[in-house]
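This is what each chain is made of:
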Amino acid sequence: MNARAAIEELLHAGHGNKAIAKRVHVRHQTVAAIRAELGLPNIVRPAKTTCSDDAFWQRTQPVDGGHLNWTGHYNSTGVPCLRTTDGMLTAYRIAFRIRWQRDPVGPVKPGCSMDRCVHPDHVEDQPMRQQYEAIFGEAA
Ligand SMILES: [Zn+2]
């Protein structure tokens, strides 16, 4: 598929100019020009995306101990991830946003006993880890 066809397909699928530009590796002005040519309206997306929530839950499976297993894609370093309109995000980040309704600060990792657990209640960002360390010490 050439870039132009890919852009048209993504435009029709309802993606934003910048998201398409990033995916197809063109300037967003190029996407905007094609959008105008096709007579498609500009999409104004809210600053915070919630559209990946459903996709997240569809790729999870509850396991023993109240943890959540990721059945979706793993990147080359073994981190669970999901392709969204914002690009590739780790499942941890999406879980974090679902739980806290805000973007995490620094890397998000599971803070529970299960490797690669993506349970929204079990993931922690940098400030949360530092807080626990301050309370429970480095070993926590
Ligand atoms: Zn867990």
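This is a predicted model, so every value here is computed, not measured. (Residues numbered from 1 in each chain as written. Predicted model: local features only at pLDDT ≥ 70, side-chain atom pairs only at ≥ 80, totals over all residues. Heavy atoms only, no water.)

Visitor: Looking at this structure, how should I read the pairing of strand β2 (residues 67–70)?
Guide: Remark: a regular strand shows side chains that alternate across the two faces of the sheet. Here strand β1 (residues 60–63) pairs with β2 via four bridges, running antiparallel. Within β2, the residue paired with Q61 across the bridge is N69. (Pairing = 2+ DSSP bridges. Helix = DSSP H or I, 4+ residues; strand = E, 2+ residues; numbered from the N terminus.)

Visitor: Mind showing me how you'd approach the coordination of the zinc ion here?
Guide: Octahedral metals with six donors have ideal donor angles of 90 or 180 degrees. Tetrahedral metals with four donors have an ideal donor angle of 109.5 degrees. Those protein atoms acting as donors to the zinc ion are H67 (ND1), C112 (SG), C117 (SG) and H122 (ND1), and they sit at 2.0 to 2.3 Å. Metal-centred angles of 103 to 120° between the four donor atoms at the zinc ion mark the site as tetrahedral. Mapping the donors of the zinc ion onto the primary sequence gives the spacing H-x44-C-x4-C-x4-H. Placement of H67 in strand β2 and of C112 in the loop between β6 (109–110) and β7 (123–124) is noted, with a sequence separation of 45 residues between them. (Donors = N, O, S within 2.8 Å, 3.2 Å for Na, K, Ca; no water. Tetrahedral: all angles 85-135°; square planar, octahedral: opposite > 155°, others 65-115°.)

Visitor: Please explain the confidence of the model for the protein chain as it appears in this structure.
Guide: Caution is warranted with low-pLDDT regions, since their predicted coordinates should not be read in detail. Predicted confidence across the protein chain gives a mean pLDDT of 89, with 90% of residues reaching 70 or more. The element-level mean pLDDT for the protein chain is lowest in helix α4 (residues 52–58), coming to 87, with β2 highest at 97. (pLDDT = per-residue confidence, 0-100.)

Visitor: Just to check I follow, could you spell out the side chain of N17 for this structure?
Guide: Position of N17 among the secondary structure elements: in helix α2 (residues 17–24). What makes N17 buried here is its relative accessible area of 14%. In this structure the side chain of N17 is engaged in a polar contact, spanning 2.6 Å, whose partner is the side chain of R35. The residues touching N17, leaving out its near neighbours within four places in the chain, are L11, H28, V31, A32, R35 and N42. (Buried < 20%, exposed > 50% of the residue type's maximum accessible area, 1.4 Å probe, protein only. Polar contact = N/O pair within 3.5 Å; in protein donor to acceptor, adjacent residues only side chain to side chain. Contact = heavy atoms within 4.5 Å.)

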